[in-house]
Amino acid sequence: MDLKRTQLLLLFFAFLCAQVRKLNGDSISGCIPIERNALLGFKESLKDPSNRLSSWVGDDCCTWEGVACDNRTRHIIKLDLRNTHPLSYADDLPYKKWSLGGELRPSLLGLKHLNYLDLSMNFFGGIPIPEFIGSFRQLKYLNLSFAGLGGLIPHQLGNLSSLQYLDLSYNYYYYGDNFGVSPRFLIIDNAIWIYRLSSLRYLNMSDVKFREGTHWLQALNMLPSIVEVRLFDCGINTIPLSLPYVNFTSLSVLDLSWNFHINSMIPGWLFNISSLEYLDLSFNIFWGIIPPAIKNLASLKVLDYPIICFLKATFRLCLKVCVSCSI
């Protein structure tokens, strides 16, 4: 009897362990059904001219193209639908052929554990960024660059407090079949929501159009972990000359190039960013004497600044220097 009891107890404990492992996701195969249905609902709203998502069939969505699951829990954690065919302005037909388009439906909200989302290099015909993307609280990586999106950037993106990488660059959509028609850009009206992205390290908003009173610098200055900021050709026309304090002490790359309407002295706060390694101020109108405080930029390796203007007596003397200067 003792032997039988021991055997029964061992079987019972083995059964309990199996149930615990199942609850923890250790023995789950395939993918979570509700997440599979979320992907299928999302797929229904997409245009897929080259049938890139042909693998999105069967029960195991973890094996589908662009989908990655956690090995233990089998929850979907990554959705990478980037178009890998490069854009060519000489011939954009291959790029458009492989581009996803259509709508971006909120069925994706079924992916509660998503931490990586890449929809870049696709063509969504000028639709706005959906507000529901701000609901992915675990998202660390978001790339919507070159996706043919337009309109106001939703402030709900500020809810992504875990986000480390955000790329919204080069989104524009032409009304018509040629580049002679006015484009539709992504627009930011108030950047204050950016300061809530407390984990952000990389930000690229190149070609996003900044409206008056955007408060972009004040928002960026509240990001303690930011390392790289690219604001190429954003239509920025004013830049504060001073800040009460400089908070982004980890900033290594700052690109403010091609904002033709900036017309001011060189802001003094720039010389308080001792971590700066790359600074691009080209194709703006900065004037005045470069202050001795530039020596504070001890880490600076590259300065892109093609026109340097020195005030001399009552007139301005402008000297053209190299487009890319290695310090």
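Everything numeric here is computed off the predicted structure, so don't read it as measured data.

**With respect to the state of the cysteines**
So, point 1. If you walk through the whole model with that rule in mind, you get 2 disulfides.
So, point 2. Between the sulfur atoms of cysteine 31 and its disulfide partner cysteine 61 the distance amounts to 2.1 Å. On the S-S bond that ties cysteine 31 to cysteine 61, the torsion sits near 130°, and the link is right-handed. Pair noted here: cysteine 31 is in the loop between helix H1 (2-24) and helix H2 (33-44) and cysteine 61 is in the loop between strand E1 (46-47) and strand E2 (67-69), with a separation of 30 residues, a long-range link.
So, point 3. Shown here is the disulfide that connects cysteine 62 with cysteine 69, its sulfur atoms set 2.1 Å apart. Handedness of the cysteine 62-cysteine 69 disulfide follows from its S-S torsion of about -95°: it is left-handed.
So, point 4. Classification of cysteine 62 as buried rests on a relative accessible area of 13%.
So, point 5. Take cysteine 69: its relative accessible area is 11%, and that puts it in the buried class.

**Structural notes on unusual backbone geometry**
So, point 1. Of note, aspartate 207 is a non-glycine position whose phi angle comes to about 75°, a positive value.
So, point 2. Take aspartate 207: it is sitting in the loop between strand E11 (202-204) and strand E12 (209-210).
So, point 3. Not every positive phi belongs to a glycine, and tryptophan 258 is a case in point at roughly 65°.
So, point 4. Checked against the element boundaries, tryptophan 258 lands in the loop between strand E14 (253-255) and strand E15 (263-265).
So, point 5. When its relative accessible area of 33% is taken as the criterion, tryptophan 258 is described as partly exposed.

**As for the side chain of serine 120**
So, point 1. Along the polypeptide, serine 120 turns up in the loop between strand E5 (116-118) and strand E6 (141-143).
So, point 2. Taking the relative accessible area as the measure of exposure, serine 120 reaches 0% and is therefore buried.
So, point 3. Beyond its immediate stretch of four places on either side in the chain, serine 120 contacts Leu81, Arg82, Asn83, Asn143, Ser145 and Phe146.

**A closer look at the nonpolar core**
So, point 1. Within the largest apolar cluster, 79 residues are counted, with the highest numbers of intra-cluster contacts made by Leu39, Leu142, Leu168, Met205, Trp216, Leu231 and Trp269.
So, point 2. Of all elements in the fold, only H2, E2, strand E3 (76-80), strand E10 (183-188) and helix H4 (216-220) reach the threshold of two or more residues within this core.
So, point 3. Sorting elements by how many residues they give to this core places H4 first, with 4 residues.
So, point 4. With residues near it in sequence (within four places) discarded, tryptophan 216 still touches Ala191, Phe210, Leu231, Ile236, Thr238, Ile239 and Leu256.

What counts and how
Residues numbered from 1 in each chain as written. Predicted model: local features only at pLDDT ≥ 70, side-chain atom pairs only at ≥ 80, totals over all residues. Heavy atoms only, no water. Disulfide = S-S within 2.5 Å. Helix = DSSP H or I, 4+ residues; strand = E, 2+ residues; numbered from the N terminus. Buried < 20%, exposed > 50% of the residue type's maximum accessible area, 1.4 Å probe, protein only. Contact = heavy atoms within 4.5 Å. Core = buried A, V, L, I, M, F, W, Y, C linked by side-chain atoms within 4.5 Å.

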